[in-house]
Amino acid sequence: MAIVTAPTKACAVNPLKMSQPIGGAFAFMGLRGAMPLLHGSQGCTSFGLTLFVRHFKEAVPLQTTAMSEVATVLGGYENLEQAILNIYNRTKPKIIGICSTGVTETNGDDVDAYLKLIRCKHPQLAKLPLVYVSTPDFKGAFQDGWGKAVARIVEVLVEGPGANGLPDPLKVNVLPGCHLTPGDIDELRVILEDFGLCPSFLPDVAGSLDGHIPDEFTPTTIGGIGVDEIESMGRAGWTIAIGAQMQRAAEVMQVKTGVPFRIFERLCGLCPNDEFMTFLSEISGRPIPLKYRRQRGQLADAMLDAHFHIGGRKVAIGAEPDLLFDVSGMLHDMGAQVTAAVTTTQSEVIERIKAKEVLIGDLEDLEGLAKTHNCDLLITHSHGRQAAARLKLPFYRTGFPMFDRLGAGHQLSVGYRGTRNLIFEIANLVIAHREENDQPTPDRWRTAAGLPRCSGYRSSTGAAGRSVA
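Quick caveat, the model's predicted, so the values are computed rather than measured.

**Considerations on unusual backbone geometry**
Step number 1: Look at the link from Leu202 to Pro203: it is a cis peptide, with omega at -5 degrees.
Step number 2: Note that Pro203 resides in the loop between β7 (198-201) and α9 (205-208).
Step number 3: Cis geometry marks the peptide bond from Phe400 to Pro401; its omega dihedral reads 5 degrees.
Step number 4: Relative to the elements of secondary structure, Pro401 occurs in the loop between β14 (395-397) and α17 (415-436).
Step number 5: In this model, Ala66 sits at a positive phi of 50 degrees, which is unusual for a non-glycine residue.
Step number 6: Looking at the secondary structure, you find Ala66 in the loop between β3 (63-64) and α3 (69-74).
Step number 7: Judged by its relative accessible area of 31%, Ala66 falls in the partly exposed class.
Step number 8: Residue Lys392 is not a glycine yet carries a positive backbone phi of 55 degrees.
Step number 9: In this structure, Lys392 sits in the loop between α16 (385-391) and β14.

**Observations concerning the domain arrangement of the chain**
Step number 1: Taken as a whole, the chain is organised into domain 1 (20-139), domain 2 (168-294) and domain 3 (295-437).
Step number 2: With centres defined by C-alpha atoms, the gap from domain 1 to domain 3 works out at 34 Å.
Step number 3: Roughly 700 Å² of surface becomes buried between domain 1 and domain 3 when both sides are summed, with 71% attributable to carbon and sulfur atoms.
Step number 4: The interface formed by domain 1 and domain 3 holds zero salt bridges in total.
Step number 5: Joining domain 1 to domain 3, the criterion identifies two residue pairs in polar contact (both at pLDDT 80 or more).
Step number 6: Its residues placed into classes, the side of domain 1 that touches domain 3 shows four nonpolar, one polar and two charged.

**Quick look at the nonpolar core**
Step number 1: Leu202, Leu280 and Leu331 are the most contacted members of the largest nonpolar core, which has 101 residues in total.
Step number 2: If one sorts the elements of this core by residue count, helix α7 (residues 142-157) sits on top with eight residues.
Step number 3: Setting aside its immediate chain neighbours within four residues, Leu202 contacts Leu31, Val150, Ile153, Val154, Val174, Leu175, Pro176, Ile225, Ile230 and Met233.
Step number 4: Listed in part, the 17 residues of the second largest apolar core include Leu80, Ala83, Leu115 and Leu128.

**Focus: the pairing of strand β13 (residues 377-380)**
Step number 1: Side-chain alternation along β13 places Leu377 and Ile379 on one buried face and Leu378 and Thr380 on a second face that is also buried.
Step number 2: On the question of chirality, the crossover connecting β13 to the parallel β14 by way of α16 is right-handed.

**Thoughts on the pattern of salt bridges**
Step number 1: Tallied over the entire structure, the rule returns 17 salt bridges.
Step number 2: One salt bridge in this structure joins Arg189 and Asp186, with 3.8 Å as the shortest N-O distance. Of this pair, Arg189 and Asp186 both sit in helix α8 (residues 182-194), three residues apart, which is roughly one turn of the helix.
Step number 3: For Arg189, a relative accessible area of 19% gives the class buried.

Conventions adopted
Residues numbered from 1 in each chain as written. Predicted model: local features only at pLDDT ≥ 70, side-chain atom pairs only at ≥ 80, totals over all residues. Heavy atoms only, no water. Helix = DSSP H or I, 4+ residues; strand = E, 2+ residues; numbered from the N terminus. Buried < 20%, exposed > 50% of the residue type's maximum accessible area, 1.4 Å probe, protein only. Domains from an automatic or database assignment. Buried area = accessible area lost by both parts, 1.4 Å probe. Salt bridge = Lys/Arg side-chain N within 4 Å of Asp/Glu carboxyl O. Polar contact = N/O pair within 3.5 Å; in protein donor to acceptor, adjacent residues only side chain to side chain. Nonpolar A, V, L, I, M, F, W, Y, C, P; charged D, E, K, R; others polar. Core = buried A, V, L, I, M, F, W, Y, C linked by side-chain atoms within 4.5 Å. Contact = heavy atoms within 4.5 Å. Right-handed = clockwise from strand over helix to strand, strands pointing away.

Printed below as a string of structure tokens:
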């Protein structure tokens, strides 16, 4: 069991975590026709918007109540009212998701009361869903905001049992954690459908942030799960929650609708996917398709091939708790040693991470631990690239944000296929780094040993031989 160490520094020197408000806004981006709204200053929203746009390389809808110093002191009712009316009149959203920020939480704005007053004053908003979630950015982290937003969406929008007809045993609710990419969600959708199941993902960022070009421009989200589909989630036979961060949302779903749930804390690795496939076979009544039996064999072979390069390596990882738990677990299965583990917030999975110690800290802490333990590989988001360069370590980018490489939204790590791809990517990084640092290889061992490279050889009889250069 890992020892969890709390931070002792007065401030974050090189931040690892992203804030709760943008985590909550990200969840609303998985809803069709949605407009996320941050109740705070323009700077808070601009910073988050920049991260999203650089990560996904797409136009991202995100609005602000533009709280000034005066409005913050006097209360944000008028700013919130004007922001909602502007969004309603100009963008015609299907839903507005409102996330608080540190400045409005400190002032103590009663946003739920504000929304009741706004609805009474403007009858045209009566049928427009307005979902508010409290996400102060002075505590918690990205995955906390995401988890709170999803739980709140379930509380407000999902209807009780019997409201939309009889239950459908083949209908499955899927509550993915924020550590899953649009590519991961697409992979899970295919897996579930191959078992004859009909999945509803909440949120579904694969529908809105997978990089497709719409036929027509829309100022709101261009895909995702619709409000009507969310309302009917109480008809499902099961709820599948992926990541410990989704437990609260799954419990709220069960209390409100009676739908049982199962949590899968990991979907990266051989054994976690064996459990996942077995569960899907049980609830669908179908055998595991042959394609996944073959993919399992491919993953086992990939683990055999790559363990020569990954096994025994010392790894430093900085990530949100669920992502850290998932990736570190897979690397531990491959024989690697997670000697430096840094995360962003408290979680029940931290103590079960396969490391001696897990520090809740920042990238400066991660760099120091990686240097102290002589790590061979650094894994975190793009803000860790300078630390990797200083330490001269191979660097694998994962998590949010990833802005200096293309394809962040299509990165795949779930299922047999995703785990296989991740193993190959990490192993190839280690191989490339070894070659770049002039390690002896069969084609240049003479140079590495300090001997001149030969352009040819002569036989004992003096005849010229073939070139070996």
